[in-house]
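Summary of structural features
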Amino acid sequence: MNSEPEPQYGDDELRGDGARLNYGPSPVEVAEMALVEAELDRRWPETKIEPSLTRIATLMDLLGSPQQSYPAIHVAGTNGKTSVTRMIDALLTALHRRTGRITSPHLQLATERISIDNAPISPAEYVQNYRELLPYVEMIDKQSAAADGPAMSKFEVLTGMAFAAFAEAPVDVAVVETGMGGTWDATNIVDGQVAVITPIGLDHTDYLGPDLASIAGEKAGIIKRAPEGLIPRDNVAVIAEQEPEAMEVLLRRAVEVDAAVAREGAEFRVLARQIAVGGQQLELQGLGGVYDEIFLPLHGEHQAHNAVLALAAVEAFFGAGAQRQLDVDAIRAGFASVTSPGRLERIRNAPTIFIDAAHNPAGARALAATLTTEFDFRKLVGVVAVLGDKDADGILTALEPVFDEIVVTSNSSPRAMDVETLADLAVQRFGDERVVTAATLPDALETAIALAEESGEQGEMVSGAGVVVTGSVVTAGATRALFGKDPA
(Lines give C-alpha, C1' and ligand atoms only; values in the text may rest on other atoms or scores of the structure.)
Protein backbone atom coordinates (compact mmCIF):
# COMPACT_ATOMS: atom_id res chain seq x y z
CA MET A 1 0.00 0.00 0.00
CA ASN A 2 1.22 3.53 -0.63
CA SER A 3 1.97 5.98 2.15
CA GLU A 4 -0.80 8.42 1.29
CA PRO A 5 -3.19 8.91 4.25
CA GLU A 6 -6.21 6.68 4.03
CA PRO A 7 -9.73 8.13 4.09
CA GLN A 8 -11.20 8.35 7.56
CA TYR A 9 -14.48 6.58 8.08
CA GLY A 10 -15.16 7.30 11.77
CA ASP A 11 -18.89 7.27 12.48
CA ASP A 12 -18.46 10.19 14.86
CA GLU A 13 -17.56 12.34 11.85
CA LEU A 14 -20.51 11.35 9.67
CA ARG A 15 -24.20 12.16 9.59
CA GLY A 16 -26.68 9.49 8.67
CA ASP A 17 -26.63 10.71 5.04
CA GLY A 18 -22.83 10.48 4.89
CA ALA A 19 -22.04 14.19 5.21
CA ARG A 20 -19.07 15.12 7.38
CA LEU A 21 -19.80 17.38 10.32
CA ASN A 22 -16.33 18.84 10.78
CA TYR A 23 -16.08 20.95 7.63
CA GLY A 24 -16.99 24.29 9.22
CA PRO A 25 -20.36 24.86 10.92
CA SER A 26 -20.56 24.84 14.70
CA PRO A 27 -22.18 21.88 16.47
CA VAL A 28 -25.19 24.06 17.27
CA GLU A 29 -25.64 25.05 13.62
CA VAL A 30 -25.31 21.42 12.59
CA ALA A 31 -27.90 20.32 15.14
CA GLU A 32 -30.33 23.03 14.05
CA MET A 33 -29.92 22.11 10.40
CA ALA A 34 -30.39 18.42 11.18
CA LEU A 35 -33.65 19.30 12.91
CA VAL A 36 -34.82 21.29 9.87
CA GLU A 37 -33.92 18.42 7.55
CA ALA A 38 -35.86 16.01 9.76
CA GLU A 39 -38.91 18.29 9.52
CA LEU A 40 -38.57 18.56 5.74
CA ASP A 41 -38.15 14.81 5.38
CA ARG A 42 -41.63 14.31 6.82
CA ARG A 43 -43.03 16.01 3.74
CA TRP A 44 -43.59 14.52 0.30
CA PRO A 45 -40.25 13.35 -1.12
CA GLU A 46 -38.78 14.84 -4.28
CA THR A 47 -39.54 11.68 -6.20
CA LYS A 48 -43.27 12.37 -5.88
CA ILE A 49 -44.90 15.15 -7.88
CA GLU A 50 -48.45 16.35 -8.43
CA PRO A 51 -49.59 18.20 -11.56
CA SER A 52 -50.17 21.48 -9.76
CA LEU A 53 -48.26 24.67 -9.03
CA THR A 54 -50.95 26.04 -6.75
CA ARG A 55 -49.15 25.60 -3.44
CA ILE A 56 -45.78 27.04 -4.51
CA ALA A 57 -47.53 29.89 -6.37
CA THR A 58 -49.55 30.71 -3.25
CA LEU A 59 -46.39 30.76 -1.15
CA MET A 60 -44.72 33.14 -3.58
CA ASP A 61 -47.79 35.41 -3.51
CA LEU A 62 -47.67 35.52 0.29
CA LEU A 63 -43.98 36.43 0.14
CA GLY A 64 -44.53 39.22 -2.39
CA SER A 65 -43.43 37.26 -5.48
CA PRO A 66 -39.67 37.37 -4.85
CA GLN A 67 -39.00 35.27 -7.98
CA GLN A 68 -40.16 38.23 -10.09
CA SER A 69 -37.54 40.59 -8.70
CA TYR A 70 -34.70 39.28 -10.89
CA PRO A 71 -34.35 37.74 -14.37
CA ALA A 72 -33.74 34.02 -14.64
CA ILE A 73 -32.21 31.33 -16.82
CA HIS A 74 -34.14 28.07 -16.38
CA VAL A 75 -32.52 24.67 -17.07
CA ALA A 76 -34.33 21.37 -17.66
CA GLY A 77 -33.42 18.05 -19.27
CA THR A 78 -32.35 14.56 -18.27
CA ASN A 79 -28.54 14.60 -18.25
CA GLY A 80 -26.09 17.43 -17.70
CA LYS A 81 -28.45 19.86 -15.97
CA THR A 82 -26.26 20.51 -12.95
CA SER A 83 -23.06 20.90 -14.97
CA VAL A 84 -24.75 23.30 -17.39
CA THR A 85 -26.25 25.28 -14.50
CA ARG A 86 -22.87 25.62 -12.82
CA MET A 87 -21.22 26.65 -16.12
CA ILE A 88 -23.86 29.33 -16.72
CA ASP A 89 -23.31 30.59 -13.19
CA ALA A 90 -19.54 30.77 -13.70
CA LEU A 91 -19.89 32.66 -16.99
CA LEU A 92 -22.33 35.19 -15.54
CA THR A 93 -19.98 35.77 -12.61
CA ALA A 94 -17.08 36.36 -14.99
CA LEU A 95 -19.30 38.90 -16.75
CA HIS A 96 -19.76 40.76 -13.45
CA ARG A 97 -23.25 39.65 -12.53
CA ARG A 98 -24.22 38.60 -9.01
CA THR A 99 -25.88 35.20 -9.23
CA GLY A 100 -28.18 32.94 -7.31
CA ARG A 101 -28.17 29.25 -8.25
CA ILE A 102 -30.55 26.38 -7.60
CA THR A 103 -29.33 22.83 -8.19
CA SER A 104 -30.68 19.46 -7.09
CA PRO A 105 -30.23 16.98 -5.67
CA HIS A 106 -27.34 17.82 -3.38
CA LEU A 107 -24.25 15.66 -3.08
CA GLN A 108 -23.44 16.06 0.61
CA LEU A 109 -25.33 18.85 2.33
CA ALA A 110 -28.66 20.46 1.50
CA THR A 111 -27.13 23.95 1.56
CA GLU A 112 -25.53 23.12 -1.81
CA ARG A 113 -28.95 23.53 -3.41
CA ILE A 114 -29.04 27.27 -2.75
CA SER A 115 -25.91 29.16 -3.83
CA ILE A 116 -25.26 32.89 -3.93
CA ASP A 117 -22.07 34.27 -5.45
CA ASN A 118 -21.07 30.73 -6.51
CA ALA A 119 -21.06 29.44 -2.93
CA PRO A 120 -23.65 27.49 -0.93
CA ILE A 121 -25.45 29.46 1.75
CA SER A 122 -24.37 28.60 5.27
CA PRO A 123 -26.27 26.16 7.50
CA ALA A 124 -27.24 29.11 9.70
CA GLU A 125 -28.72 30.95 6.71
CA TYR A 126 -30.47 27.78 5.57
CA VAL A 127 -32.13 27.38 8.98
CA GLN A 128 -33.03 31.06 9.17
CA ASN A 129 -34.64 31.02 5.71
CA TYR A 130 -36.64 27.93 6.63
CA ARG A 131 -37.86 29.37 9.93
CA GLU A 132 -38.89 32.64 8.28
CA LEU A 133 -40.95 30.79 5.65
CA LEU A 134 -42.43 28.18 7.98
CA PRO A 135 -45.50 30.20 9.14
CA TYR A 136 -46.51 30.81 5.52
CA VAL A 137 -45.85 27.16 4.63
CA GLU A 138 -48.04 25.96 7.50
CA MET A 139 -50.79 28.33 6.37
CA ILE A 140 -50.73 26.81 2.90
CA ASP A 141 -50.64 23.29 4.38
CA LYS A 142 -53.89 24.02 6.22
CA GLN A 143 -55.54 25.50 3.14
CA SER A 144 -54.56 22.51 1.05
CA ALA A 145 -55.72 20.03 3.69
CA ALA A 146 -59.10 21.78 3.86
CA ALA A 147 -59.45 21.12 0.12
CA ASP A 148 -58.36 17.47 0.57
CA GLY A 149 -54.97 18.25 -0.96
CA PRO A 150 -51.43 17.44 0.20
CA ALA A 151 -49.18 19.61 2.30
CA MET A 152 -46.34 21.39 0.53
CA SER A 153 -43.65 18.98 -0.62
CA LYS A 154 -40.04 19.16 0.52
CA PHE A 155 -38.95 20.40 -2.90
CA GLU A 156 -41.63 23.11 -2.93
CA VAL A 157 -40.43 24.44 0.40
CA LEU A 158 -36.77 24.36 -0.70
CA THR A 159 -37.68 26.20 -3.90
CA GLY A 160 -39.47 28.88 -1.93
CA MET A 161 -36.45 29.24 0.35
CA ALA A 162 -34.15 29.72 -2.63
CA PHE A 163 -36.25 32.33 -4.39
CA ALA A 164 -36.66 34.29 -1.15
CA ALA A 165 -32.92 34.14 -0.45
CA PHE A 166 -32.11 35.43 -3.93
CA ALA A 167 -34.42 38.41 -3.51
CA GLU A 168 -32.95 39.25 -0.11
CA ALA A 169 -29.32 39.09 -1.35
CA PRO A 170 -30.24 40.58 -3.88
CA VAL A 171 -28.96 38.82 -6.99
CA ASP A 172 -28.76 40.17 -10.54
CA VAL A 173 -29.84 36.89 -12.13
CA ALA A 174 -31.00 33.48 -10.97
CA VAL A 175 -29.81 30.27 -12.63
CA VAL A 176 -32.43 27.67 -11.85
CA GLU A 177 -32.20 23.92 -12.39
CA THR A 178 -35.45 22.01 -12.35
CA GLY A 179 -35.85 19.17 -9.90
CA MET A 180 -37.72 16.61 -11.95
CA GLY A 181 -39.62 17.37 -15.12
CA GLY A 182 -40.56 20.89 -16.04
CA THR A 183 -44.20 21.82 -16.45
CA TRP A 184 -45.19 20.78 -12.92
CA ASP A 185 -41.80 21.30 -11.32
CA ALA A 186 -41.95 23.75 -8.41
CA THR A 187 -39.26 25.91 -10.03
CA ASN A 188 -41.58 26.59 -12.97
CA ILE A 189 -43.12 29.56 -11.22
CA VAL A 190 -40.07 31.51 -12.33
CA ASP A 191 -40.30 33.29 -15.67
CA GLY A 192 -37.05 32.28 -17.31
CA GLN A 193 -36.34 34.55 -20.25
CA VAL A 194 -33.91 31.84 -21.37
CA ALA A 195 -35.04 28.22 -21.18
CA VAL A 196 -32.25 25.67 -21.57
CA ILE A 197 -33.01 22.06 -22.47
CA THR A 198 -30.17 19.58 -22.00
CA PRO A 199 -30.26 16.14 -23.67
CA ILE A 200 -33.45 14.23 -22.89
CA GLY A 201 -33.39 10.52 -22.10
CA LEU A 202 -35.48 7.89 -20.36
CA ASP A 203 -35.50 8.55 -16.62
CA HIS A 204 -38.24 8.94 -14.01
CA THR A 205 -40.61 7.24 -16.46
CA ASP A 206 -43.10 6.51 -13.66
CA TYR A 207 -43.71 10.24 -13.32
CA LEU A 208 -42.73 11.86 -16.61
CA GLY A 209 -44.01 9.37 -19.18
CA PRO A 210 -42.95 6.14 -20.87
CA ASP A 211 -41.18 7.54 -23.93
CA LEU A 212 -38.99 10.41 -25.09
CA ALA A 213 -41.89 12.39 -26.55
CA SER A 214 -43.80 12.29 -23.26
CA ILE A 215 -40.76 13.26 -21.22
CA ALA A 216 -39.87 16.04 -23.66
CA GLY A 217 -43.42 17.37 -23.34
CA GLU A 218 -42.95 17.68 -19.59
CA LYS A 219 -39.51 19.30 -19.91
CA ALA A 220 -40.80 21.71 -22.58
CA GLY A 221 -43.07 23.33 -20.00
CA ILE A 222 -40.27 25.70 -18.98
CA ILE A 223 -40.33 27.29 -22.46
CA LYS A 224 -42.71 30.22 -22.04
CA ARG A 225 -44.21 33.16 -23.84
CA ALA A 226 -42.51 36.48 -23.09
CA PRO A 227 -44.65 38.60 -20.74
CA GLU A 228 -46.17 41.79 -22.04
CA GLY A 229 -44.46 44.94 -20.85
CA LEU A 230 -43.36 48.43 -21.72
CA ILE A 231 -40.05 47.04 -22.94
CA PRO A 232 -40.70 44.05 -25.18
CA ARG A 233 -38.27 41.14 -25.05
CA ASP A 234 -37.96 37.70 -26.54
CA ASN A 235 -37.93 34.52 -24.58
CA VAL A 236 -35.38 32.12 -26.00
CA ALA A 237 -35.22 28.32 -25.95
CA VAL A 238 -31.63 27.05 -26.11
CA ILE A 239 -31.76 23.37 -27.01
CA ALA A 240 -29.05 20.71 -26.92
CA GLU A 241 -28.83 18.00 -29.56
CA GLN A 242 -31.84 15.69 -29.13
CA GLU A 243 -33.36 12.57 -30.53
CA PRO A 244 -35.82 13.53 -33.33
CA GLU A 245 -38.95 12.63 -31.35
CA ALA A 246 -37.84 14.83 -28.46
CA MET A 247 -36.73 17.73 -30.66
CA GLU A 248 -40.09 17.78 -32.45
CA VAL A 249 -41.94 18.25 -29.17
CA LEU A 250 -39.59 20.99 -28.00
CA LEU A 251 -39.80 22.94 -31.25
CA ARG A 252 -43.58 22.64 -31.30
CA ARG A 253 -43.71 24.12 -27.82
CA ALA A 254 -41.46 27.01 -28.85
CA VAL A 255 -43.76 27.79 -31.78
CA GLU A 256 -46.83 27.66 -29.55
CA VAL A 257 -45.44 30.28 -27.15
CA ASP A 258 -43.65 32.35 -29.81
CA ALA A 259 -40.20 31.76 -28.32
CA ALA A 260 -37.02 32.20 -30.31
CA VAL A 261 -34.98 29.03 -30.73
CA ALA A 262 -31.24 28.33 -30.75
CA ARG A 263 -30.25 24.71 -31.47
CA GLU A 264 -26.97 22.96 -30.97
CA GLY A 265 -25.66 21.84 -34.33
CA ALA A 266 -27.39 24.70 -36.12
CA GLU A 267 -27.04 28.08 -34.38
CA PHE A 268 -24.17 26.99 -32.09
CA ARG A 269 -21.80 24.03 -31.86
CA VAL A 270 -18.48 22.62 -30.66
CA LEU A 271 -15.97 23.37 -33.42
CA ALA A 272 -12.91 21.64 -31.96
CA ARG A 273 -11.93 19.77 -28.86
CA GLN A 274 -8.56 18.57 -27.62
CA ILE A 275 -7.84 16.58 -24.48
CA ALA A 276 -5.63 18.57 -22.12
CA VAL A 277 -4.05 18.03 -18.73
CA GLY A 278 -6.84 18.39 -16.18
CA GLY A 279 -9.59 18.85 -18.74
CA GLN A 280 -9.93 19.90 -22.37
CA GLN A 281 -9.23 22.75 -24.77
CA LEU A 282 -12.24 23.92 -26.79
CA GLU A 283 -13.17 26.08 -29.74
CA LEU A 284 -16.86 26.98 -29.60
CA GLN A 285 -19.18 28.51 -32.17
CA GLY A 286 -21.57 30.63 -30.16
CA LEU A 287 -24.50 32.78 -31.21
CA GLY A 288 -22.19 35.81 -31.41
CA GLY A 289 -19.14 34.30 -33.03
CA VAL A 290 -16.25 31.94 -32.39
CA TYR A 291 -14.71 31.64 -28.92
CA ASP A 292 -11.30 29.98 -29.06
CA GLU A 293 -8.64 28.96 -26.54
CA ILE A 294 -11.28 27.88 -24.03
CA PHE A 295 -9.91 25.68 -21.25
CA LEU A 296 -12.56 23.63 -19.47
CA PRO A 297 -11.29 21.82 -16.36
CA LEU A 298 -13.75 18.95 -16.79
CA HIS A 299 -13.36 15.65 -18.60
CA GLY A 300 -15.53 14.17 -21.34
CA GLU A 301 -16.96 15.08 -24.72
CA HIS A 302 -20.36 15.45 -23.06
CA GLN A 303 -18.94 18.30 -20.98
CA ALA A 304 -17.81 20.08 -24.15
CA HIS A 305 -21.40 19.94 -25.37
CA ASN A 306 -22.60 21.15 -21.98
CA ALA A 307 -20.15 24.05 -22.30
CA VAL A 308 -21.40 25.27 -25.66
CA LEU A 309 -24.98 24.95 -24.41
CA ALA A 310 -24.13 27.13 -21.41
CA LEU A 311 -22.35 29.65 -23.64
CA ALA A 312 -25.35 29.97 -25.94
CA ALA A 313 -27.65 30.42 -22.95
CA VAL A 314 -25.56 33.28 -21.58
CA GLU A 315 -25.31 34.86 -25.02
CA ALA A 316 -29.10 34.64 -25.38
CA PHE A 317 -29.53 36.22 -21.96
CA PHE A 318 -27.42 39.23 -22.95
CA GLY A 319 -28.88 39.40 -26.45
CA ALA A 320 -25.67 38.46 -28.20
CA GLY A 321 -25.92 37.68 -31.89
CA ALA A 322 -24.12 37.88 -35.17
CA GLN A 323 -23.20 41.52 -34.59
CA ARG A 324 -22.49 41.25 -30.86
CA GLN A 325 -20.05 38.87 -29.22
CA LEU A 326 -19.45 38.58 -25.50
CA ASP A 327 -16.03 39.45 -24.06
CA VAL A 328 -13.89 36.47 -25.07
CA ASP A 329 -11.44 36.93 -22.20
CA ALA A 330 -14.31 36.91 -19.69
CA ILE A 331 -15.72 33.76 -21.27
CA ARG A 332 -12.30 32.11 -21.03
CA ALA A 333 -12.00 33.09 -17.37
CA GLY A 334 -15.50 31.85 -16.62
CA PHE A 335 -14.97 28.43 -18.14
CA ALA A 336 -11.56 28.08 -16.50
CA SER A 337 -13.20 28.59 -13.10
CA VAL A 338 -15.90 25.92 -13.59
CA THR A 339 -16.23 23.12 -11.10
CA SER A 340 -18.78 20.33 -11.14
CA PRO A 341 -18.36 18.21 -8.01
CA GLY A 342 -19.23 14.56 -8.40
CA ARG A 343 -18.89 14.64 -12.19
CA LEU A 344 -15.81 12.52 -12.93
CA GLU A 345 -14.13 14.26 -10.02
CA ARG A 346 -10.72 13.02 -8.90
CA ILE A 347 -10.66 12.66 -5.11
CA ARG A 348 -7.45 10.68 -4.60
CA ASN A 349 -4.21 9.71 -6.31
CA ALA A 350 -2.26 6.41 -6.15
CA PRO A 351 -4.48 4.70 -6.88
CA THR A 352 -6.51 7.27 -8.72
CA ILE A 353 -10.09 7.42 -7.47
CA PHE A 354 -12.81 9.20 -9.39
CA ILE A 355 -16.44 9.71 -8.43
CA ASP A 356 -19.20 10.20 -10.96
CA ALA A 357 -22.89 10.77 -10.33
CA ALA A 358 -24.10 8.85 -13.41
CA HIS A 359 -27.45 7.37 -12.41
CA ASN A 360 -29.02 6.29 -15.69
CA PRO A 361 -27.79 4.44 -18.79
CA ALA A 362 -27.11 7.61 -20.78
CA GLY A 363 -24.97 9.02 -17.99
CA ALA A 364 -23.15 5.70 -17.63
CA ARG A 365 -22.45 5.60 -21.37
CA ALA A 366 -20.98 9.11 -21.23
CA LEU A 367 -18.81 8.05 -18.30
CA ALA A 368 -17.63 4.91 -20.10
CA ALA A 369 -16.80 6.86 -23.25
CA THR A 370 -14.74 9.38 -21.29
CA LEU A 371 -12.83 6.69 -19.42
CA THR A 372 -12.06 4.98 -22.73
CA THR A 373 -10.96 8.01 -24.74
CA GLU A 374 -9.28 10.23 -22.17
CA PHE A 375 -7.51 7.84 -19.80
CA ASP A 376 -5.19 4.89 -20.16
CA PHE A 377 -5.77 2.80 -17.05
CA ARG A 378 -4.15 -0.62 -17.09
CA LYS A 379 -6.64 -1.79 -14.51
CA LEU A 380 -9.90 -0.14 -13.56
CA VAL A 381 -12.15 -1.23 -10.68
CA GLY A 382 -15.70 0.04 -10.38
CA VAL A 383 -17.66 0.63 -7.18
CA VAL A 384 -21.36 0.76 -7.98
CA ALA A 385 -24.39 1.46 -5.79
CA VAL A 386 -27.70 2.48 -7.37
CA LEU A 387 -31.18 3.42 -6.24
CA GLY A 388 -33.89 0.82 -6.51
CA ASP A 389 -36.03 2.75 -9.01
CA LYS A 390 -33.20 3.17 -11.55
CA ASP A 391 -32.30 1.08 -14.60
CA ALA A 392 -29.45 -0.76 -12.88
CA ASP A 393 -29.09 -3.28 -15.70
CA GLY A 394 -28.73 -0.48 -18.24
CA ILE A 395 -26.09 1.21 -16.09
CA LEU A 396 -24.13 -2.03 -15.65
CA THR A 397 -24.35 -2.83 -19.36
CA ALA A 398 -22.82 0.55 -20.21
CA LEU A 399 -20.02 0.16 -17.68
CA GLU A 400 -19.07 -3.47 -18.35
CA PRO A 401 -16.60 -2.77 -21.19
CA VAL A 402 -14.48 -0.38 -19.08
CA PHE A 403 -14.31 -2.07 -15.65
CA ASP A 404 -11.97 -5.00 -15.14
CA GLU A 405 -13.70 -5.80 -11.86
CA ILE A 406 -16.70 -4.36 -10.05
CA VAL A 407 -17.56 -4.05 -6.37
CA VAL A 408 -21.30 -3.76 -5.83
CA THR A 409 -22.61 -2.22 -2.64
CA SER A 410 -25.33 -0.06 -1.15
CA ASN A 411 -25.36 3.64 -0.37
CA SER A 412 -26.97 5.48 2.55
CA SER A 413 -30.32 6.09 0.87
CA PRO A 414 -33.41 4.18 2.04
CA ARG A 415 -34.21 3.88 -1.68
CA ALA A 416 -30.95 2.05 -2.40
CA MET A 417 -31.11 -1.26 -4.27
CA ASP A 418 -30.07 -4.11 -1.98
CA VAL A 419 -26.63 -5.58 -2.58
CA GLU A 420 -27.84 -9.07 -3.46
CA THR A 421 -30.19 -7.85 -6.20
CA LEU A 422 -27.55 -5.59 -7.69
CA ALA A 423 -24.95 -8.38 -7.49
CA ASP A 424 -27.22 -10.75 -9.40
CA LEU A 425 -27.58 -8.18 -12.18
CA ALA A 426 -23.83 -7.53 -12.19
CA VAL A 427 -22.99 -11.23 -12.51
CA GLN A 428 -25.23 -11.44 -15.58
CA ARG A 429 -23.19 -8.70 -17.26
CA PHE A 430 -19.68 -9.18 -15.84
CA GLY A 431 -19.54 -12.86 -14.96
CA ASP A 432 -19.12 -14.21 -11.46
CA GLU A 433 -15.31 -13.94 -11.43
CA ARG A 434 -15.36 -10.15 -11.96
CA VAL A 435 -17.97 -9.28 -9.30
CA VAL A 436 -17.29 -8.68 -5.61
CA THR A 437 -19.87 -7.62 -3.03
CA ALA A 438 -19.50 -5.35 -0.01
CA ALA A 439 -22.15 -4.58 2.57
CA THR A 440 -21.32 -0.89 2.96
CA LEU A 441 -19.78 1.84 0.87
CA PRO A 442 -16.68 2.21 3.12
CA ASP A 443 -16.11 -1.56 2.85
CA ALA A 444 -16.55 -1.35 -0.92
CA LEU A 445 -13.97 1.43 -1.20
CA GLU A 446 -11.42 -0.49 0.83
CA THR A 447 -12.05 -3.61 -1.27
CA ALA A 448 -11.75 -1.69 -4.56
CA ILE A 449 -8.50 -0.03 -3.48
CA ALA A 450 -7.08 -3.42 -2.55
CA LEU A 451 -8.14 -4.89 -5.90
CA ALA A 452 -6.60 -1.97 -7.77
CA GLU A 453 -3.33 -2.41 -5.90
CA GLU A 454 -3.13 -6.18 -6.28
CA SER A 455 0.19 -7.55 -7.53
CA GLY A 456 0.46 -8.68 -11.14
CA GLU A 457 1.51 -12.06 -12.39
CA GLN A 458 5.21 -11.40 -11.65
CA GLY A 459 4.44 -10.14 -8.16
CA GLU A 460 4.81 -6.51 -9.17
CA MET A 461 2.34 -3.79 -8.31
CA VAL A 462 -0.07 -2.99 -11.15
CA SER A 463 0.74 0.52 -12.35
CA GLY A 464 -1.88 2.77 -13.89
CA ALA A 465 -4.67 1.34 -11.72
CA GLY A 466 -7.78 3.28 -10.82
CA VAL A 467 -11.12 3.14 -9.03
CA VAL A 468 -14.35 4.76 -10.24
CA VAL A 469 -17.27 5.13 -7.83
CA THR A 470 -20.62 5.66 -9.55
CA GLY A 471 -24.28 4.67 -9.94
CA SER A 472 -26.06 7.43 -8.06
CA VAL A 473 -25.80 11.03 -6.90
CA VAL A 474 -26.13 9.64 -3.37
CA THR A 475 -23.20 7.28 -3.97
CA ALA A 476 -21.01 10.09 -5.31
CA GLY A 477 -21.93 12.42 -2.46
CA ALA A 478 -21.37 9.86 0.27
CA THR A 479 -17.98 8.94 -1.18
CA ARG A 480 -17.02 12.60 -1.44
CA ALA A 481 -17.83 13.03 2.25
CA LEU A 482 -15.87 9.93 3.25
CA PHE A 483 -12.76 11.44 1.65
CA GLY A 484 -13.20 14.70 3.54
CA LYS A 485 -14.32 16.89 0.65
CA ASP A 486 -16.28 19.97 1.71
CA PRO A 487 -19.73 20.57 0.19
CA ALA A 488 -19.43 22.82 -2.85
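Analysis parameters
Residues numbered from 1 in each chain as written. Predicted model: local features only at pLDDT ≥ 70, side-chain atom pairs only at ≥ 80, totals over all residues. Heavy atoms only, no water. Pairing = 2+ DSSP bridges. Helix = DSSP H or I, 4+ residues; strand = E, 2+ residues; numbered from the N terminus. Axes fitted to C-alpha atoms, helices over the stretch in contact; angles between N-to-C directions. Expected span 1.5 Å × (residues − 1). Buried < 20%, exposed > 50% of the residue type's maximum accessible area, 1.4 Å probe, protein only. Contact = heavy atoms within 4.5 Å.

What follows covers the sheet that holds strand β14 (residues 379-384). If you trace the six strands from one edge of the open sheet to the other, you get β12-β13-β17-β14-β15-β16, paired in mixed fashion. Both outer strands of the open sheet, β12 (345-348) and β16 (435-437), are each paired with one neighbouring strand and no more. Between one strand and the next, the sheet's axes are offset by a mean angle of 25°, whatever the strand orientation. As paired elements, strand β15 (residues 405-408) and β16 share three bridges and run parallel to each other. Bridging across to β16, Val407 finds its partner in Val436.

A separate point is helix α11 (residues 361-374). The end-to-end C-alpha distance of α11 is 20 Å, a good match for the 20 Å that 14 residues give at a rise of 1.5 Å each. Those residues of α11 lying buried are Pro361, Gly363, Ala364, Leu367, Ala368, Thr370, Leu371 and Glu374. Structurally, α11 contributes buried residues whose contacts are with β9 (269-276), α9 (301-318), β14, α12 (392-399) and β17 (465-470).

To continue, consider the sheet that holds strand β8 (residues 260-263). Here eight strands make up an open sheet; going across it, the order is β4-β3-β2-β5-β1-β6-β7-β8 and the pairing mixed. One side of each edge strand has no neighbouring strand; the edge strands of this open sheet are β4 (119-120) and β8. Sheet analysis places strand β2 (residues 99-102) next to strand β5 (residues 173-177), joined by four bridges and oriented parallel. In the sheet register, Arg101 faces β5, and the bridge partner there is Val175.

Quick look at unusual backbone geometry now. Here the amide bond leading from Ser104 into Pro105 is cis, since omega sits at -10°, within 30 degrees of zero. Inspection of the secondary structure assignment puts Pro105 in the loop between β2 and β3 (114-116). In this model, Ala169 is joined to Pro170 through a cis peptide bond whose omega is -15°. Mapped onto the fold, Pro170 is located in the loop between α5 (154-168) and β5. Despite not being glycine, His96 has its phi angle at roughly 70°, a positive value. Despite not being glycine, Asn118 shows a phi value in the positive range, around 65°. Inspection of the secondary structure puts Asn118 in the loop between β3 and β4. Relative accessible area serves as the criterion here: at 31%, Asn118 is assigned to the partly exposed category.

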